[in-house]
Amino acid sequence: MSRSRLTPEREAELFDAVLDLLREVGYDSLTMDAVAARTRASKATLYRQWHNKPELVTAALRHHSGPGADRVDTGSLRGDFQEMMLRVDDCQLEKDSALMRGLTLAVNTNPDLLRVLQEKLIEPEQNELRVVIDRAVARGEVRTDNPAREFVPHMLFGAFFALQMIEDRVPNRDFLTRYIDAVVLPALEAR
């Protein structure tokens, strides 16, 4: 899958359009035709770069997820989590929450989307979180045998959905910081 023909600026423009369309019409109504029309690109170019809609959507999500968690190293687990929270603002969290709600519905009827999201977005993000947790273990902040280690991605992803279901509001940085301090770090018995 060669992307050599698109400049980083052009690729970013395409990804912005994909995410805007996802927010506007949802995954099921998003088409390669609509992306092509919105970005004045040919469908052939889109299919050459990304073989199908799930790959394009996942690439757009990955592009906008920013630098990986594994690149954060403040010297403490709490500091690493705080630094990750500083990378997004409340407005972006609201947009991301809307996208995730829509995609959660879409994966129920689109197994190809689920497979690509797991492979290209979820698994890499889980691996990046694992690096952060493993560094905390190496520093002696978290015990090697702590069973909560494997559930950190579940706790963090779950915070997005639980708050919306329970309180009908989207998470913001303040909520996520308090959640990490009250739930994630204690579960890890982080020192």
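Preceding this paragraph is the structure being described.
Keep in mind that what you see is a predicted model, and the values were worked out from it rather than measured.

What counts, and where the lines are drawn
- Throughout this document, residue positions are counted from 1 along each chain, in the order its sequence is written.
- Totals for whole chains, interfaces and linings use all residues, but because this is a predicted model, local features are given only for residues with pLDDT of at least 70 and pairs of side-chain atoms are given and counted only at 80 or more.
- Calculation of side-chain values draws on the structure's entire complement of heavy atoms; hydrogens and water are dropped beforehand.
- Counting from the N terminus, the helices are DSSP H or I runs at least four residues long and the strands are E runs at least two residues long.
- Polar contacts here mean pairs of N or O atoms no more than 3.5 Å apart (in protein, one a potential hydrogen donor and the other a potential acceptor; neighbouring residues in sequence count only if both atoms are side-chain atoms).
- Contacts: residue pairs with any heavy atoms within 4.5 Å of one another.
- Between the rings of Phe, Tyr and Trp (Trp by its six-membered ring), a pair exists once the centres lie within 6.5 Å; its type follows the angle of the planes, with under 30 degrees stacked, over 60 edge-to-face, and the other angles tilted.
- The classification of residues rests on relative accessible area computed with a 1.4 Å probe and restricted to protein chains. Under 20% of the type maximum is buried, over 50% is exposed, and intermediate values are partly exposed.
- Two conditions define a charge sitting above a ring: the NZ of Lys or the CZ of Arg must be within 6 Å of the ring centre, and it must be within 35 degrees of the ring normal.
- What makes a salt bridge here is a side-chain nitrogen of Lys or Arg within 4 Å of a carboxyl oxygen of Asp or Glu, nothing more.

Visitor: Quick rundown of the side chain of E128? Include the residues and the values.
Guide: Counting through the fold element by element, E128 comes out in helix α7 (residues 111-138). At 2.7 Å, the side chain of E128 forms a polar contact with the side chain of R62. Dropping the residues within four chain positions of it, E128 is found in contact with R62, G68, A69 and D70.

Visitor: Which residues make up unusual backbone geometry, and what values do they have?
Guide: Although it is not a glycine, D168 adopts a positive phi angle of roughly 55 degrees. For D168, the position within the fold is in the loop between α8 (152-167) and α9 (173-188). In this structure, E189 is a non-glycine residue whose phi angle is positive, near 50 degrees. Structurally, E189 can be placed in the segment after α9.

Visitor: Describe the packing of aromatic side chains, naming the residues involved and giving the relevant values.
Guide: Summed over all chains, the structure comprises two aromatic pairs. Each ring, one from F175 and one from Y179, has its centre 5.9 Å from the other, and the planes form 25 degrees; the classification is stacked. Linking F175 with Y179, this pair stays in helix α9, spanning four residues, or about one helical turn. A relative accessible area of 18% means that Y179 is categorised as buried. Here the basic side chain of K53 rests over the ring of Y27, its NZ or CZ set 4.2 Å away from the ring centre.

Visitor: How would you explain the environment of D70 if you had to name every residue and give the values?
Guide: The topology assignment puts D70 in the loop between α4 (53-64) and α5 (77-86). Sequence separation between D70 and E125 is 55 residues, and the spatial gap between their C-alpha atoms is 8.8 Å. Setting aside anything within four residues of it in sequence, one finds D70 in contact with E128, V131, V132 and R135.

Visitor: Give a detailed account of the pattern of salt bridges, specifying residues and quantitative values.
Guide: For the structure shown, the criterion picks out 18 salt bridges. Salt-bridge contacts for D33 lead to K43; the nearest nitrogen and oxygen are separated by 3.1 Å. Remark: K43 occurs in helix α3 (residues 43-49) and D33 occurs in helix α2 (residues 32-39); sequence separation between them is 10 residues. We classify D33 as partly exposed; its relative accessible area is 45%. A relative accessible area of 36% means that K43 is categorised as partly exposed. Linked through salt bridges whose partners overlap, the residues forming this network are D73, D80, R135, R139 and E141.

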